[in-house]
Amino acid sequence: MLEHSKAFSGFSVDDIPKAKEFYGQTLGLRVSEQNGMLELHIEGDRDTLVYPKPDHTPATYTILNFPVDDIDAAVDELTRRGVRFERYPGADQDDKGIHRGGGPLIAWFKDPAGNILSVIQT
């Protein structure tokens, strides 16, 4: 029944203007705002909906992964733009916050609402 549906993903934030600035300016994504909600226009054919939720509670898992060819360059550039990378106990992370302990190279960071995002080397 839904195999031909053009599904899309979404997540909540507690402050749309802060989210718009972060996703648009800090991360450099194309964003649009309509009806009090944001759309993140990410490579591919599915936009991501960002909607306001006054009692927003950040997810405890990664909600959005950004594949990159060169994780070191991506982390360096995001750090230059003011992004702070997370450190997790037990994760084999280097000084930049990149997990290099097996599996894909990945570094986690949060948006202003506390949602967990990542850059992951493909």
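Preceding this section is the structure that the text describes.
In this report, the structure presented in the accompanying data block is examined.

**Structural notes on the nonpolar core**
Then, in step 1: Formed by 26 residues in total, the largest nonpolar core has its most connected members in Tyr 23, Leu 27, Val 50, Phe 85, Phe 109 and Val 119.
Then, in step 2: Residue assignment for this core shows that the elements contributing at least two residues are strand 1 (9–13), helix 1 (16–26), strand 3 (37–41), strand 5 (62–68), helix 2 (71–80), strand 6 (106–110) and strand 7 (116–121).
Then, in step 3: Those residues in contact with Leu 27 that sit more than four places away from it in its chain are Phe 22, Phe 66, Leu 78, Arg 81, Val 83, Phe 109 and Leu 117.

**A short note on the sheet that holds strand 3**
Then, in step 1: Taking strand neighbours across the sheet as the criterion, the four strands line up as 1-4-3-2 in an open arrangement whose pairing is mixed. The sheet terminates laterally at strand 1 and strand 2 (30–34), the two strands that pair on one side only. For this sheet, the mean inter-axis angle between neighbouring strands, taken without regard to orientation, is 25°.
Then, in step 2: Note that strand 1 and strand 4 (residues 48–52) share five bridges and pair parallel. Paired with Phe 11 across the two strands is Val 50, which belongs to strand 4.

**What about helix 1?**
Each α-helix winds once per 3.6 residues, and so residues spaced three or four apart point in a common direction.
Then, in step 1: Within helix 1, burial applies to Ile 16, Ala 19, Phe 22, Tyr 23, Gly 24 and Thr 26.
Then, in step 2: For helix 1, the capping residue at the N-terminal end is Asp 15, with a side-chain oxygen 3.0 Å from the backbone nitrogen of Lys 18.
Then, in step 3: The first or second residue beyond helix 1 is Gly 28, which carries a positive phi of 80°.

**A word on helix 2**
Then, in step 1: Residues of helix 2 that are buried include every one of Ile 71, Ala 74, Val 75 and Leu 78, and no others. Burial along helix 2 is one-sided: seen end-on, the buried residues are contained in an arc of 95°.
Then, in step 2: On its buried face, helix 2 sits against helix 1, strand 5, strand 6 and strand 7.
Then, in step 3: Just beyond helix 2, the residue with positive phi is Gly 82, at close to 100°.

**Here's the deal with the sheet that holds strand 6**
Then, in step 1: Strand order in this open sheet of three strands is 5-7-6, and the pairing throughout is mixed. Edge positions in the sheet fall to strand 5 and strand 6, since each has one partner strand and no second. Averaged over all pairs of adjacent strands, the angle between their axes in this sheet comes to 25°, without regard to strand direction.
Then, in step 2: Taken together, the six bridges between strand 5 and strand 7 define a ladder with parallel strand orientation. Paired with Val 68 across the two strands is Gln 121, which belongs to strand 7.
Then, in step 3: Along the sheet, helix 2 contacts strand 5, strand 6 and strand 7; its crossing angle with strand 7, the most-contacted strand, is approximately 145°.

**Details of the packing of aromatic side chains**
Then, in step 1: A full pass over the atoms with the stated rule returns four aromatic pairs.
Then, in step 2: Measuring from ring centre to ring centre gives 6.0 Å for Phe 11 and Tyr 23, while their planes differ by 50°; the resulting arrangement is tilted. Note that Phe 11 is positioned in strand 1 and Tyr 23 in helix 1, a separation of 12 residues in sequence. Each member of the pair Phe 11 and Tyr 23 is classed as buried.

Calculation rules
- Residues numbered from 1 in each chain as written.
- Predicted model: local features only at pLDDT ≥ 70, side-chain atom pairs only at ≥ 80, totals over all residues.
- Heavy atoms only, no water.
- Core = buried A, V, L, I, M, F, W, Y, C linked by side-chain atoms within 4.5 Å.
- Buried < 20%, exposed > 50% of the residue type's maximum accessible area, 1.4 Å probe, protein only.
- Helix = DSSP H or I, 4+ residues; strand = E, 2+ residues; numbered from the N terminus.
- Contact = heavy atoms within 4.5 Å.
- Pairing = 2+ DSSP bridges.
- Axes fitted to C-alpha atoms, helices over the stretch in contact; angles between N-to-C directions.
- Polar contact = N/O pair within 3.5 Å; in protein donor to acceptor, adjacent residues only side chain to side chain.
- Arc of directions from axis to C-beta.
- Phe/Tyr/Trp six-rings, centres within 6.5 Å; stacked < 30°, edge-to-face > 60°.

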